[in-house]
Amino acid sequence: MWVMEMVSKKVVTFDELMQEVSTYIKKEENLNLIKEAYAYAEKNHEGQFRKSGEPYIIHAIQVAHILTMLKTGPKTIAAGLLHDVVEDCDVTFEDVSTLFGEEVASLVESVTKIGALKFKDEKEYLASNHRKIFIAMAKDVRVILIKLSDRLHNMRTLQYMSAEKQKKIASETLEVYAPIAHRLGISDIKNELEDLSFQYLEKDKYYEIARLVEVRKAERDAQVQHMIQDISALLTSHYISYRMFGRSKHLYSIYKKMKTKNKRFEEILDLLAIRIVTNSDTACYEILGYIHAKYRPIPGRFKDYIAMPKVNMYQSLHTTIVAEDGNIFEVQIRTEAMDAVAEQGIAAHWRYKESTNGEKIQQKEIEEQLHWFKDFSVMSDEVNDDAMEYMNLLQKDIFEANVYVMTPKGKVIALPNGATPIDFAYRIHTEIGHHTVGATINGVLMPLNTKLKTGDVVNIRTSNQSPGPSEDWLKVVKSAHARNKIRSFFQKQETERKASDVKKGEELLEEELKRRSLDVTVYMDQKRLEQVAKELSFTSHTDLLYALGVKQVSLISVIERLVKHKTTIPLDNDELVKMYNRVERRKKPSKTGIVVEGIDSMKISLAVCCSPVPGDEIVGYISKGNGVKVHRKDCPNIAHEHHRLIEVSWDEEIQQKTYEVKLVINSTDRNFLLSDIVTVVSQCKAGLQHVESTVESDKLTTVTKMTVIVENAEHLQSLIANLRKINSVRTVERVIQ
Ligand code: MN
């Protein structure tokens with residue numbers, strides 16, 4: 001059967017919740033904690049109702065129930081039941097702390113804070129909201145689990161919200177919560193969050209894909225069933241114990257693949273999938289061996305995530321085989337424990353450790369796994385309030401992290417694509433980064449600018465004699481983390497050096513004044529120094545002292561000015577700025593790259609209304625006293641001007657000319673759209689002259705107008721094609737004015 005494995009969506013009662021809880025929580029005091037938390041939450045939420053009309057407590061029970069599905073501990077479940085009491089009721093953290101202990105109170109507090117951020121300032125730029133969510137969550141992984149459960153239940157009941165809120169909450173879910181769930185390996189929650197968001201953000205596409213899946217279901221179920229029988233016979237004959245079932249892709253993942261890999265629905269669904277769960281690592285490899293012996297594996301598709309786990313702890317063997325009937329199957333083979341980690345990620349990992357340790361110790365182990373989260377809280381202090389920059393860092397370092405390398409001890413470190421041993425060193429520890437002198441990769445000494453590949457074992461060599469990072473490293477590193485650390489090292493060094501040079505200048509001046517028996521307190525008065533500094537075109541007296549220290553200005557000239565107190569005509573500041581800022585602007589080549597048959601002395605220019613580029617079909621328009629204006633053939637401005645048109649053509653000789661083109665992009669409103677657009681323009685090696693984005697009054701449509709510089713029509717077409725591929729972009733058109 002084509003099994004749909006989803007968290008139960010039935011609304012559960014408290015008794016049903018307790019039944020689930022009691023399957024793995026046995027201690028009386030723990031069960032009592034949960035019951036008391038429930039009683040307290042029920043009492044305080046009394047008389048409150050959700051948009052759906054349900055009593056509020058139902059929400060708290062569902063959140064706790066989702067946590068139970070993740071098999072979290074009693075304190076987390078209690079906090080799940082209590083998560084809204086401070087925000088919505090007349091209850092303080094002190095109250096919660098007195099009744100349920102500091103730990104539960106602190107969990108409730110963190111969850112409440114994240115909730116409060118959401119509504120604090122509607123206008124607040126979303127990126128800064130996202131950033132705050134991450135920082136708040138980094139405190140305790142249990143906060144993430146509660147918040148994810150809360151969000152999941154809110155998404156399940158989103159139909160009661162206004163259309164505007166639905167879109168807002170769904171896009172926040174897709175951009176923040178689903179990636180967090182993914183990063184923690186909780187694929188159950190991730191998949192459901194994605195499908196629910198998808199349903200609200202792109203209703204038509206969601207139902208279209210759901211319909212297509214349904215149409216093919218019976219046929220596919222039969223094919224999978226047949227293959228399961230086949231493999232069952234094979235494994236039984238070798239006395240291996242196993243559990244086997246078909247897998248379905250969730251709708252959003254099909255949609256995403258169609259978009260990113262630019263494939264048709266059929267091509268994506270062509271892949272049938274089977275999962276085999278067994279009881280030991282060895283059995284996994286054994287099963288793989290039997291399957292490869294019987295069915296032809298497709299080369300390049302075998303992945304051993306058991307030997308090399310993904311960063312989110314996912315482990316499994318993957319292979320793709322061709323069945324006897326020609327169907328292609330993706331087979332996943334893993335142990336029960338690996339299967340639990342694959343579905344519930346960090347929560348399962350936690351659970352497997354729980355039997356032996358107390359909650360506090362596990363927390364530490366998980367924090368180890370979550371070191372990337374910690375990196376953010378640290379990083380956030382360095383980036384200051386530039387929330388956008390922060391989100392960029394986040395996406396770059398974490399969500400696009402796709403090189404996984406290891407320490408000699410086998411710890412997996414995630415780095416952005418193209419990362420070097422220097423990035424690796426800084427990820428281990430800032431001081432290791434600063435003192436790096438060399439690196440071995442897989443046991444071989446390699447240059448520090450070597451690009452690391454997944455699976456590399458990297459060993460960093462450090463030396464206390466190392467003078468610190470080199471400026472060249474900035475050109476080599478790929479992670480924002482390493483770049484920040486190196487920059488702040490130099491900034492610190494620069495500040496220190498400057499301070500010591502200022503001091504040196506001060507001492508030199510003082511010495512010279514004394515030598516000339518001049519009163520130091522009089523002549524080194526700040527106001528007087530400031531005056532001289534101004535005369536010599538320094539911005540401040542500190543700059544003057546610094547210049548003295550590094551001997552950029554002579555001591556004599558400063559002392560003369562100080563003593564004579566001569567008034568000179570100060571330089572006009574504005575003039576100075578202009579002088580220094582004068583930038584050589586590259587002159588555009590004057591030739592248009594156009595040939596007019598039989599004429600070469602005529603003034604030729606490109607029409608601004610339709611901005612033709614080489615490769616476009618063009619025509620010349622003889623203007624009154626302004627030479628020939630070249631238009632695109634389809635430009636409506638010349639449609640009725642037949643008598644003034646002459647034939648023109650592009651001069652093939654002219655290369656590397658740059659042409660301005662205006663584009664208008666219509667898209668659904670979302671975060672980072674503009675930055676995605678700009679990235680595509682730069683990836684396509686087109687110039688960007690001007691860009692502006694406006695959100696239409698319906699709040700859903702963004703209109704982006706931009707002026708780009710391209711080489712020719714082909715270049716332009718490829719740029720437009722790539723812009724159209726951007727998520728949520730609907731149309732990209734050339735503008736004719
Ligand atoms: Mn809630």
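All values derive from a computational prediction rather than experimental measurement. (Residues numbered from 1 in each chain as written. Predicted model: local features only at pLDDT ≥ 70, side-chain atom pairs only at ≥ 80, totals over all residues. Heavy atoms only, no water.)

**Some words on the nonpolar core**
Heads up, the rule is: The nonpolar core is taken to be a set of buried Ala, Val, Leu, Ile, Met, Phe, Trp, Tyr and Cys residues, with the residues joined through side-chain atoms within 4.5 Å. Three exposure classes are used, based on accessible area relative to the maximum for each residue type with a 1.4 Å probe and protein chains only: buried under 20%, partly exposed in between, and exposed over 50%. Numbering goes from the N terminus for both helices and strands, where a helix is a DSSP run of H or I of at least four residues and a strand is a run of E of at least two. Residue contacts follow a heavy-atom distance rule, with two residues in contact if any of their heavy atoms lie within 4.5 Å.
Leu82, Val96 and Ile189 are the most contacted members of the largest nonpolar core, which has 60 residues in total. Here this core gets 8 residues from one element, more than from any other, and that element is helix α9 (residues 141–156). In contact with Leu82, not counting residues within four places along its chain, are Ala37, Tyr40, Ala41, Val96, Phe100, Val104 and Val108. One finds Ile665, Leu673, Val681 and Leu716 within the second-largest nonpolar core, a separate group that totals 30 residues.

**Things to note about the coordination of the manganese ion**
Short version of the rule: Any nitrogen, oxygen or sulfur atom within 2.8 Å of a metal ion counts as a donor, with the limit raised to 3.2 Å for Na, K and Ca, and since water is left out, coordination shells can look unfinished.
The coordination sphere of the manganese ion contains the protein donors His59 (NE2), His83 (NE2), Asp84 (OD) and Asp150 (OD), at a distance range of 2.2 to 2.4 Å. Mapped onto the sequence, the residues coordinating the manganese ion show the spacing H-x23-H-D-x65-D. With His59 in helix α3 (residues 56–69) and His83 in the loop between α4 (74–82) and α5 (85–88), this pair connects stretches of sequence that are 24 residues apart. Of the two residues examined, His59 and His83, each falls in the buried class.

**Focus on the sheet that holds strand β10 (residues 444–446)**
We apply this condition: At least two bridges found by DSSP between two strands is the condition for calling them paired. Throughout, an axis means a line fitted to C-alpha atoms (over the contacting stretch in the case of helices), and angles, computed between N-to-C directions, take values from 0 to 180 degrees.
With antiparallel pairing, the 3 strands of this open sheet are ordered in space as β10-β9-β11. Pairing within the sheet leaves two strands with one partner each, and these edge strands are β10 and β11 (458–462). Here the strands of the sheet are splayed against their neighbours by 35° on average, with no regard to which way each runs. Bridge analysis of strand β9 (residues 436–441) against β10 gives 3 bridges, and the strand direction is antiparallel. By the bridge assignment, Thr440 is partnered in β10 with Leu445. Set on the sheet, helix α21 (residues 421–428) makes contact with β9 and β11; between it and β11 the angle comes to about 80°.

**A word on the packing of aromatic side chains**
The cut-off we apply is this: In summary, the pairing rule links any two rings of Phe, Tyr or Trp, Trp by its six-membered ring, whose centres are within 6.5 Å, and it sorts them by plane angle into stacked for under 30 degrees, edge-to-face for over 60 and tilted for everything else. Only Lys NZ and Arg CZ are tested; either one counts as a charge over a ring when it is within 6 Å of the ring centre and within 35 degrees of the ring normal.
This model, assessed by the stated rule, comprises 11 aromatic pairs. Here Tyr40 and Phe100 contribute two aromatic rings whose centre-to-centre distance is 5.6 Å and whose plane-to-plane angle is 65°, an arrangement assigned as edge-to-face. With Tyr40 in helix α2 (residues 28–44) and Phe100 in helix α6 (residues 93–100), this residue pair connects regions lying 60 residues apart in the sequence. Taking relative accessible area as the criterion, Tyr40 reaches 13% and is therefore assigned buried. The buried category is assigned to Phe100, whose relative accessible area is 10%. Members of the aromatic cluster, joined through ring pairs, are Phe198, Tyr206, Tyr207, Tyr252 and Tyr255. Over the ring of Tyr56 we find Arg50, and its NZ or CZ is 6.0 Å from the ring centre.

**A closer look at a positive patch on the surface**
Going by this rule: In this scheme, patches are assembled from residues that exceed 30% relative accessible area and form no salt bridge. Like charges are connected within 9 Å, while nonpolar side chains (Val, Leu, Ile, Met, Phe, Trp, Tyr) are connected within 5 Å. Note that accessible areas follow from Shrake-Rupley with a 1.4 Å probe, and for residues the cover is restricted to the protein chains shown. A side-chain nitrogen of Lys or Arg and a carboxyl oxygen of Asp or Glu constitute a salt bridge if their distance falls within 4 Å. Counting rule applied: Lys, Arg positive; Asp, Glu negative; His and chain ends not counted. All charge positions are set by atom: Lys at NZ, Arg at CZ, Asp at CG, Glu at CD.
Taken together, Lys257, Lys261, Lys263, Lys303 and Lys310 make up a surface patch of like positive charges. Assignment of secondary structure puts Lys303 in strand β4 (residues 303–304).

**Structural notes on the sheet that holds strand β13 (residues 604–606)**
Here we have 4 strands laid out as an open sheet, ordered β13-β15-β14-β16, and mixed in their pairing. Looking at which strands have only one partner, the edges of the open sheet turn out to be β13 and β16 (645–646).

**Considering the confidence of the model for the protein chain**
Operational definition: Confidence per residue, as judged by the predictor, is encoded in pLDDT with a range of 0 to 100.
Per-residue pLDDT for the protein chain has a mean of 79; in total, 80% of the residues score no lower than 70. Under a pLDDT of 50 for its full length, residues 352–363 has, in the predicted model, 22 contacts with residues more than four places off or in other chains. Within the model, the stretch residues 566–590 combines pLDDT values under 50 with 10 contacts to residues more than four positions away or in other chains.

**Quick notes on the pattern of salt bridges**
Counted by the stated rule, this structure contains 27 salt bridges. The partner of Arg142 in a salt bridge is Glu103, and the shortest N-O contact between them spans 2.9 Å. With a gap of 39 residues between them, Arg142 in helix α9 and Glu103 in helix α7 (residues 102–120) connect regions that are remote in the sequence. Linking Asp472 and Lys475 is a salt bridge whose minimum nitrogen-to-oxygen distance equals 3.3 Å. Overall, the relative accessible area of 46% leaves Asp472 in the partly exposed class. On the basis of relative accessibility, which here comes to 69%, the residue Lys475 falls in the exposed class. The network of salt bridges with common partners includes Arg243, Arg275, Arg334, Glu336 and Asp339.

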